[in-house]
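Residue-level listing of the chains:
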Amino acid sequence: MTSSLNAERGLVVSLISHGHGPWVQALLQDLARLCGASVSRVVLTLNRPEAEPQAPAAGWPFVLEIRHNASPLGFGANHNRALRGAVEPMVCVLNPDVSLLGANPFPALCEAALPADVGCAYPEQVDDRGQLQDSERELPSPAALWRRRVLGHREHRVDWVNAAFLVMRRAVWDALEGFDEGYFMYCEDVDLSLRMRLRGLRLHKGAARVGHVGQRDSQRRMAYLAWHVRSLWRLWRSPVYRQARSLLPEGTRGPHTIGAP
């Protein structure tokens, strides 16, 4: 149960571990050290059997709920279950491979997420060398993927943002009904971003910077690559994707008939 004191602080964080124990421990310690005044509750989902994190000597400054899955669930399903029934006014989806770089990003991100026309706020992401990560992307059409992956062209529009670190009003999360669980892994953040934008909501980069390892499993492991391809195929056939093409600037839409009626 969330105490009234914690509810007043008003931010719940959903964090999933799939064998990421050391990263989760480090991130929770950073949250406790830097963000105790901002975070009221953390829901940690252990997607496969692993040891629970160790609390600091003074205890956690937020409510820590730990959930054990009997069998692994997908990215979206885990976050949806963690945030279902949340009473806090703000919710956060957070990856275990994020580092806070010695600062509390939540005040700036919560402020950025508050306006009625904002769907979510997100921080700038850098890798372990301080290089800017490509967390902001164009609509992943086949042509855009070809330009990016094969031709090496840089992207210049922000049609969607990755879900490594998203902060939003709970009212927005509830209205969208969270992630589409039809995506087991990959493209659920594309779909969520597009559904926000189709409702006229902006994706707002807040004045915060975090580190993000970015594992890129789909580039190294065949099972993850297969999930990625299946998710892209599902996205391209979805009504959300077809409707989202209307958001593109004139002259950049081009012909595209995958899944067209």
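Use the structure listed above.
**Q** Sorry, what's going on with the packing of aromatic side chains here?
**A** The relative placement of two aromatic rings is captured by the distance of their centres and the angle of their planes. Scanning all chains against the criterion turns up 5 aromatic pairs. On the basis of an interplanar angle of 50° and a centroid distance of 5.5 Å, the ring pair of Phe106 and Phe165 is categorised as tilted. Of this pair, Phe106 sits in helix H4 (residues 106–113) while Phe165 sits in strand E9 (residues 165–169), and the two are 59 residues apart along the sequence. A centroid spacing of 5.4 Å and a plane angle of 80° characterise the contact between Trp173 and Phe179, whose relative ring orientation is edge-to-face. Residue class for Phe179 comes out buried when judged on its relative accessible area of 3%. In this structure an aromatic cluster arises from ring pairing among Phe75, Trp173 and Phe179. It is Arg234 that lies over the ring of Tyr183; its NZ or CZ is 4.5 Å from the centre.

**Q** Quick question: what am I supposed to make of the pattern of salt bridges here?
**A** Pairs may arise between side chains of opposite charge once their charged atoms sit close together. Taken as a whole, this structure holds 16 salt bridges when the rule is applied. Here Asp134 makes a salt bridge to Arg137, at a shortest N to O gap of 3.4 Å. Look at Arg137 and you get buried, because its relative accessible area is 11%. Glu138 is paired through a salt bridge with Arg147; the nearest N and O atoms lie 3.6 Å apart. The buried category is assigned to Glu138, whose relative accessible area is 9%. Among the residues examined, Arg147 registers a relative accessible area of 35% and is labelled partly exposed. Put simply, Arg41, Glu65, Arg67 and Glu88 are held in one network by salt bridges that share partners.

**Q** Help me out: how do you make sense of the layout of surface pockets in this one?
**A** Where empty space is left in the structure can be found by rolling a water-sized probe over the atoms. In this structure, the second largest pocket encloses a volume near 330 Å³. Residue lining of the second largest pocket: 15 residues in total, with Gln133, Asp134, Glu136, Arg154 and Glu155 positioned closest to the centre. Counting residues per element, the lining of the second largest pocket draws most heavily on strand E6 (residues 118–126), at 3 residues. For the lining of the second largest pocket, a count of residues per class yields 3 nonpolar, 4 polar and 8 charged.

**Q** Looking at this structure, how should I read the pairing of strand E10 (residues 202–212)?
**A** Residues in a regular strand project their side chains so that they alternate between the two faces of the sheet. In this sheet, E10 lies alongside strand E5 (residues 98–99) in antiparallel orientation, the contact comprising 2 bridges. Looking at the pairing, Val98 lines up with His212 of E10. Of the strand pairs in this sheet, E6 and E10 are connected by 7 bridges, and their pairing is parallel. Residue pairing for E10: Val118 is matched across the bridge by Arg202.

What counts and how
Residues numbered from 1 in each chain as written. Predicted model: local features only at pLDDT ≥ 70, side-chain atom pairs only at ≥ 80, totals over all residues. Heavy atoms only, no water. Phe/Tyr/Trp six-rings, centres within 6.5 Å; stacked < 30°, edge-to-face > 60°. Helix = DSSP H or I, 4+ residues; strand = E, 2+ residues; numbered from the N terminus. Buried < 20%, exposed > 50% of the residue type's maximum accessible area, 1.4 Å probe, protein only. Lys NZ or Arg CZ within 6 Å of the ring centre and 35° of its normal. Salt bridge = Lys/Arg side-chain N within 4 Å of Asp/Glu carboxyl O. 1 Å grid on protein atoms, 1.4 Å probe; cavity = no way out; pocket = protein on both sides within 12 Å on 5 of 7 lines; lining within 4 Å. Points joined across faces, edges and corners; volume = space filled by probe spheres on them. Nonpolar A, V, L, I, M, F, W, Y, C, P; charged D, E, K, R; others polar. Pairing = 2+ DSSP bridges.

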